[in-house]
Amino acid sequence: MRAFARSIGHGVIDAVAKLGYFARLFVLTLRQSGTAFARLRLTIAQIHFIGNYSLVIIVVSGLFVGFVLGLQGYNTLQRYGSEQALGLLVALSLVRELGPVVTALLFAGRAGTSITAEIGLMKAGEQLTAMEMMAVSPVARVLAPRFWAGVVSMPLLAAMFSAVGVFGGYIVGVVMIGVDEGAFWSQMQNGVDWIDDVGNGVIKSIVFGIAVTFIAVFEGYDSQPTPEGVSRATTRTVVSSSLAVLALDFILTALMFTKG
Amino acid sequence: MLMSDSPTSADQPFVAMQGVSFAYPTLAGAPGRQILSGVDLSVKRGQLVALMGGSGSGKTTILRLLGGQVKPQAGTVMVDGRNVHALKHGELFALRRRMGMLFQFGALFTDMSVFENVAFPLREHTDLPEAAIRDLVLMKLNAVGLRGAHALMPSEISGGMARRVALARAIALDPQLIMYDEPFAGLDPISLGITANLIRSLGAALGAASIIVTHDVEESLAIVDYVYFLAEGKIVAQGTPDEIRASTMPYVQQFVAGSPDGPVRFHYPAPDYAADLGLAK
């Protein structure tokens, strides 16, 4: 019984200590972000690595999500004779919710894992310690450029996801099923608000970008420097960032789309 | 590197540890297993000193203390007249620019070529033009015999070569203190001989204080000026290589002769063997 209580106590202390370390490292990364901007080359290389290489999975997923939205949306709307609103439904679903959320989940799996594994292996190979001993801060040189690259890449990828998704909805709804093309686009144009819908979607994707990328960076930096430790950290990145995205999505949606 | 910014003169120790005790803290903040207790040592400029002792005797921890990576619970660690653990972050980084460290497995940046690895400290800490960086990197690589390998990636070179590239990187900024963590471990006899000579000649050429953490007795005794023997976190013997060879201390004799019996136990502390196997009555 005492051992059980002790293990709970240990668990709580560890969790609080880790949360504190997470917050401290976040502040440190922001404070040491000067290098990431002063030497933009470092951040651009990371944008290329984690943003550009995620394009294929984002575009292909966006297209299929658009197909499914077109199909499901049409099936539901035509029961009420509102299939003209298909364009609006597809666009709002993507811009408000699916674009930012699905992109963030895919980004966690594609880019988040590679960031964690790379930083974890650098740690295991004593590369981060070597950097510190050369009077170069790994937070400034390794963590911050990756963090900002993720923050910049996420909204761009989410925008691409939504654009391709709308195109997918158009192919299924207009080209294949035969919904009126004029109604499809004009309803979308009239019904989607730049600030309330697109703007809030962009804010969501920036928040998800911060959450997913920082979790990935943190898990890599905090990993045990062993093969098992790196593999566990990579798993934790996917689990924690997916849960964080879904929880944050609920909070942000409640704040943004609840009319008071 | 200008010597005038240095508070220590040539005959004063460049590195001085006094009464240093250290235990890695646990997550809750309490000290864990004692690694070092009451360690005193000093190294002068141009001197090559070896720290010897079995695995887990605390040798590498001493290097980590000198680099300010960990903090002692007691005692002072002075490098070039400055208390390493009383320095602010910026001052510690300034001091580290004058240190070079060779890691056991090189710790090369795997996403950079050999050239870029050696250029890394120069690019980070100087505003030298590209042509000057190129010349300096090629000179450092030439010193370790790997000028021709500058375009290769770390994955394309052997472990011994990686160690030499790491050595070139460690001396890129002409450090005044060079620390070598097990520089001979896992090297073939040719690489080992080359590395030993390099360590000797580099320290002499730079006039740097050098510390080798090693358990390669013969190779080290041939090149170093002074030896400290560590056992269970304490310095148990010290002296010049000749004094060490002539020592009658059982611990030193066992280490130099490499014999399994002596004060250093081969077996990790364990309960009775027969009882463990269930054979005891």
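Preceding this section is the structure that the text describes.
Residues numbered from 1 in each chain as written. Chains lettered and ligands numbered in written order. Predicted model: local features only at pLDDT ≥ 70, side-chain atom pairs only at ≥ 80, totals over all residues. Heavy atoms only, no water.

Undergrad: Got a minute to help me understand the overall build of chain A in this structure?
TA: Helix and strand counts for chain A come out as ten helices and zero strands. If you list the helices and strands of chain A from N to C, you get α-α-α-α-α-α-α-α-α-α. Dimensions of chain A along its principal axes, counting C-alpha atoms only, are 65 × 55 × 35 Å. Taking all 260 residues of chain A together, the buried fraction comes to 45%. Put simply, of all contacts in chain A between residues at least 6 apart along the chain, 84% involve residues at least 24 apart. Of note, chain A has its 17 positive side-chain charges centred 12 Å away from the centre of its 15 negative side-chain charges. (Helix = DSSP H or I, 4+ residues; strand = E, 2+ residues; numbered from the N terminus. Buried < 20%, exposed > 50% of the residue type's maximum accessible area, 1.4 Å probe, protein only. Contact = heavy atoms within 4.5 Å. Lys, Arg positive; Asp, Glu negative; His and termini not counted. Charge placed at Lys NZ, Arg CZ, Asp CG, Glu CD.)

Undergrad: Whenever I open this one, the pattern of salt bridges confuses me. Can you help?
TA: Residue and element names in this part refer to chain A. Tallied over the full model, the rule gives 18 salt bridges over all chains. Ionic pairing is found between D197 and R96, a salt bridge with its closest N-O pair at 2.7 Å. With D197 in helix 9 (residues 194-222) and R96 in helix 5 (residues 86-124), the pair connects residues that are 101 residues apart, well separated along the chain. We note a salt bridge from E118 to R146, for which the minimum N-O separation is 3.1 Å. Placement of the pair is E118 in helix 5 and R146 in helix 7 (residues 138-177), with a sequence separation of 28 residues. Taking relative accessible area as the criterion, R146 reaches 5% and is therefore assigned buried. One connected set of salt bridges, linked through shared partners, spans K18, E219, D222 and R236. (Salt bridge = Lys/Arg side-chain N within 4 Å of Asp/Glu carboxyl O.)

Undergrad: Help me understand unusual backbone geometry in this model?
TA: Trans peptide bonds make up the majority, and among non-glycine residues the majority have a negative phi. Residues and elements named next belong to chain A. For E126, which is not a glycine, the phi torsion comes out positive at approximately 60°. Of note in the backbone geometry, A135 takes a positive phi value of approximately 60° without being a glycine. As for its placement among the helices and strands, A135 is situated in the loop between helix 6 (127-133) and helix 7. A relative accessible area of 5% means that A135 is categorised as buried.

Undergrad: So what exactly am I meant to see when it comes to the packing of helix 5 of chain A against helix 9 of chain A here?
TA: Angle between the axes and distance between the axes: these two values describe a pair of packed helices. Residue and element names in this part refer to chain A. Packing of helix 5 against helix 9 leaves a shortest axis separation of 8 Å and a crossing angle of 15°. Comparing their axes, helix 9 and helix 5 come out roughly parallel. Where helix 5 crosses over helix 9, the two elements pack in a sense that is right-handed. Considered class by class, the residues forming the contact of helix 5 with helix 9 number 15 nonpolar, seven polar and seven charged. (Axes fitted to C-alpha atoms, helices over the stretch in contact; angles between N-to-C directions. Parallel < 35°, antiparallel > 145°, perpendicular 65-115°, else oblique. Left-handed = near helix turned anticlockwise from the far one by under 90°. Nonpolar A, V, L, I, M, F, W, Y, C, P; charged D, E, K, R; others polar.)

Undergrad: Hey, could you run me through the side chain of B:S247 in this one?
TA: Residues and elements named next belong to chain B. Structurally, S247 is set in the loop between helix 8 (241-246) and helix 9 (250-257). A polar atom in the side chain of S247 sits 3.1 Å from the backbone nitrogen of M249. Setting aside chain neighbours within four positions, we find S247 in contact with V252 and Q253. (Polar contact = N/O pair within 3.5 Å; in protein donor to acceptor, adjacent residues only side chain to side chain.)

Undergrad: Looking at this structure, I do not really get the interface of chain A and chain B. What am I missing?
TA: Counting from both sides, the interface comprises 17 residues of chain A and, opposite them, 22 residues of chain B. At the junction of chain A and chain B, the tally comes to two salt bridges. The salt bridge involving A:R141 is made with B:E124; its shortest N-O contact spans 2.7 Å. Where chain A meets chain B, there are six residue pairs in polar contact (both at pLDDT 80 or more). Broken down by secondary-structure element, the contributors of at least two residues to the side of chain A that touches chain B are helix 1 (2-31) and helix 6 of chain A. The element that contributes the greatest number of residues to the side of chain A that touches chain B is helix 6 of chain A, accounting for six residues. Along the lines of polarity and charge, the residues of the side of chain A that touches chain B split into seven nonpolar, four polar and six charged.

Undergrad: Just to check I follow, could you spell out the packing of helix 4 (residues 55-77) of chain A against helix 5 of chain A for this structure?
TA: Residue and element names in this part refer to chain A. Helix 5 packs onto helix 4 with a crossing angle of 145° between their chain directions and a minimal axis gap of 10 Å. Viewed along their axes, helix 4 and helix 5 form a crossing whose handedness is right-handed. Contacts between helix 4 and helix 5 involve I57, I58, S61, V65, L69, G70, G73, Y74 and L77 on the former and, on the latter, L86, L89, V90, S93, L94, L98, T103, L106 and R110. Looking at the contact of helix 4 with helix 5 residue by residue, the class counts come to twelve nonpolar, five polar and one charged.

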